[in-house]
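# Chains, contacts and geometry: an overview
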Amino acid sequence: MKILILGGTTEASAIANGLAGDPAIQAVLSLAGRTRAPVLPAIAARRGGFRGVEGLVRYLRDEAIDALIDATHPFATQMSRHALAAAEQAGVPRLAVVRPAWVRQPGDDWTESADMADAMRALGERSRRVFLTVGQQELAPFAKAPWHDYLIRSVEPPDPSLLPPGARCIAARGPFETAGERWLLEREAIEVIVTKNSGGSATVAKLIAARALGLPVVMVARPPAVAGPTVVDAARALAWIRHHALRGA
Ligand code: NAP
C-alpha cells in the first residue's frame, strides 16, 4: 500500500516514523518547503507544492497512491482544501489529522481574534512589549502597529523585510517547557502574547506560563476545518492506515 502524508507537523512526523520499516506500507512525507532545515523522518520525503488540485491529482495517479493523509497544520487551510478535492477526483481515500484546539482554562486572560489583522488591532494603541509567536509567514499585519516592542519567535529567522521596525527575533523549534517560557516572559518583561490556536503540547507551555504570570494572550482563532473523515492524533491515523492496508486499500 502506498501512502502520501502531507506534513509539516509533529503528527505527520509521528505517522511517518510509525510507518517506517513496515514492509506492507510504502509512505512518502510531503513538505511545503517553508523550513530550510526540516527534521526529516525515516521514510522518503519530497518538498514543494504540487501546483494546485490538478497537480496533486496527477501526483496521486502517477505515484499510484492508495491513501492520502492530510496531517498539515490546522491553519494550512489551502493545502487541506486541495487535498480533499484532489482525493475525491482521484478516487483515493483521504483522512485528515486535526489536533484539538486549546481551550481557555480558569485564570486565562484571552482575547479571541478572527485573524492576524484583528490580533494586531487587539494589541491597542498604547505601546506594549509583545511576544509574537504566529509563524514567520504571518508577520506583515504587525508592521502596521510599529509602536509596540516585538519579540518574535519562529522556527527559522523570518524575512527581515516583513518585520515591524525594531523587532527582535529568536529562532527556536519546540517543544518548549513551562519553566523556560516563564523565564523568557519575565526576562523580556513581556506584557502580552500573540499566538495562533494551534493546539497540541509542543507549544502550550507559553500559555501555562502566561496563566501563572497573569499575562494576557491574544488568541487567533482557527479557520473552519475541512469536511471529511478526521482523527485527532497520529495513533488514530496509524490505526486508520493499518485498517485500510489490511483491506487492501
Ligand atoms: P497553505 O497555505 O495551506 O498551503 C499553501 C500551498 O503550499 C499549498 O497550496 C501547496 O502548494 C503548498 N503546501 C502546503 N503544505 C504542503 C505540503 N505538506 N506538501 C506540499 N505542498 C504543500 O499552507 P501553509 O499554511 O503555508 O503551511 C505550509 C506548511 O507548513 C504545511 O506543510 C503546514 O503543515 C506547515 N505549517 C503551517 C503552519 C501554519 O500556521 N500555517 C504552522 C506549522 C506548520 P500547491 O498548491 O502548489 O500544491
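These notes cover the structure that comes with them. Not measured: the values here are computed from a predicted model.

Our next topic: the packing of helix α2 (residues 52-62) against helix α3 (residues 77-90). It is the contact of α2 with α3, at a shortest axis distance of 8 Å, that shows an interaxial angle of 50°. Between α2 and α3, the crossing angle belongs to the class labelled oblique. At the point where α2 passes α3, the crossing takes the right-handed sense. Judged by residue contacts, Gly 52, Val 53, Leu 56, Val 57, Leu 60 and Arg 61 of α2 engage Met 79, His 82, Ala 83, Ala 85, Ala 86, Ala 87, Gln 89 and Ala 90 from α3. Residue classes in the contact of α2 with α3 are distributed as ten nonpolar, three polar and one charged.

Applying the stated rule across the entire model yields two aromatic pairs. A ring pair is formed by Phe 50 and Tyr 59, whose centres lie 5.2 Å apart and whose planes are at 70°; its orientation type is edge-to-face. The class for Phe 50 is buried, based on a relative accessible area of 10%. Centroid distance Phe 142 to Tyr 150: 6.1 Å. Interplanar angle 70°. Geometry classified as edge-to-face. Directly above the ring of Tyr 59 sits Arg 46, whose terminal nitrogen or CZ lies 5.4 Å from the centroid. The ring of Phe 176 carries the charged tip of Arg 153 above its face, separated from the ring centre by 3.6 Å.

Turning our eyes to something else, we now look at the site of the ligand. The full set close to the ligand counts 23 residues, and Gly 7, Ser 30, Phe 50, Met 79 and Lys 196 are the nearest of them. Within the contact set of the ligand, an oxygen atom lies 2.8 Å away from a backbone nitrogen or oxygen of Arg 51. Residue Gly 52 places a main-chain N or O atom 3.1 Å away from an oxygen atom belonging to the ligand. Against a free-state accessible area of 810 Å², the protein chains account for coverage of 78% of the ligand. Elements supplying a minimum of two residues to the shell around the ligand: β2 (26-31) and α3. Sort the elements by how many residues they give to the shell around the ligand and α3 lands first, with four residues. Each residue belonging to the shell around the ligand can be placed in one class, and the counts come to seven nonpolar, twelve polar and four charged.

Turning our attention to the environment of Leu 123. Its place among the elements puts Leu 123 in the loop between α4 (116-122) and β7 (129-133). The class for Leu 123 is buried, based on a relative accessible area of 2%. Along the sequence, Leu 123 and Val 192 sit 69 residues apart, while their C-alpha atoms lie 8.0 Å from each other. Beyond its immediate sequence surroundings of up to four residues, Leu 123 is in contact with Arg 128, Val 130, Phe 142, His 148, Tyr 150, Val 192, Val 194 and Val 218.

Here the focus is the pattern of salt bridges. Applying the stated rule across the entire model yields 15 salt bridges. Among the ionic pairs, Arg 211 bridges to Asp 108, the shortest N-O distance being 2.7 Å. With Arg 211 in helix α6 (residues 205-213) and Asp 108 in the loop between β5 (94-97) and β6 (109-113), this pair connects stretches of sequence that are 103 residues apart.

On to unusual backbone geometry, then. In this model, Gly 174 is joined to Pro 175 through a cis peptide bond whose omega is 5°. Here Pro 175 lies in the loop between β9 (168-171) and α5 (178-187). Despite not being glycine, Ala 189 shows a phi value in the positive range, around 50°. Take Ala 189: it is sitting in the loop between α5 and β10 (192-196).

Okay, the sheet that holds β7 next. In a beta sheet, neighbouring strands are held together by backbone hydrogen bonds and run either parallel or antiparallel to one another. If you walk across this open sheet you meet the six strands as β6-β11-β10-β7-β8-β9, and the pairing is parallel. Both edges of this open sheet fall to β6 and β9, since each of them pairs with a single strand only. Ignoring which end each strand starts from, the neighbouring axes of this sheet average 20° apart. Running at roughly 155° to strand β8 (residues 149-154), α5 makes contact with β7, β8, β9 and β10 of the sheet.

The rules behind each value
- Residues numbered from 1 in each chain as written.
- Predicted model: local features only at pLDDT ≥ 70, side-chain atom pairs only at ≥ 80, totals over all residues.
- Heavy atoms only, no water.
- Axes fitted to C-alpha atoms, helices over the stretch in contact; angles between N-to-C directions.
- Helix = DSSP H or I, 4+ residues; strand = E, 2+ residues; numbered from the N terminus.
- Parallel < 35°, antiparallel > 145°, perpendicular 65-115°, else oblique.
- Left-handed = near helix turned anticlockwise from the far one by under 90°.
- Contact = heavy atoms within 4.5 Å.
- Nonpolar A, V, L, I, M, F, W, Y, C, P; charged D, E, K, R; others polar.
- Phe/Tyr/Trp six-rings, centres within 6.5 Å; stacked < 30°, edge-to-face > 60°.
- Buried < 20%, exposed > 50% of the residue type's maximum accessible area, 1.4 Å probe, protein only.
- Lys NZ or Arg CZ within 6 Å of the ring centre and 35° of its normal.
- Near = heavy atom within 4 Å.
- Polar contact = N/O pair within 3.5 Å; in protein donor to acceptor, adjacent residues only side chain to side chain.
- Areas by Shrake-Rupley, 256 points an atom, 1.4 Å probe, with all protein chains shown as cover.
- Salt bridge = Lys/Arg side-chain N within 4 Å of Asp/Glu carboxyl O.
- Pairing = 2+ DSSP bridges.

Note that all results are geometric; they support no functional claim without further evidence.
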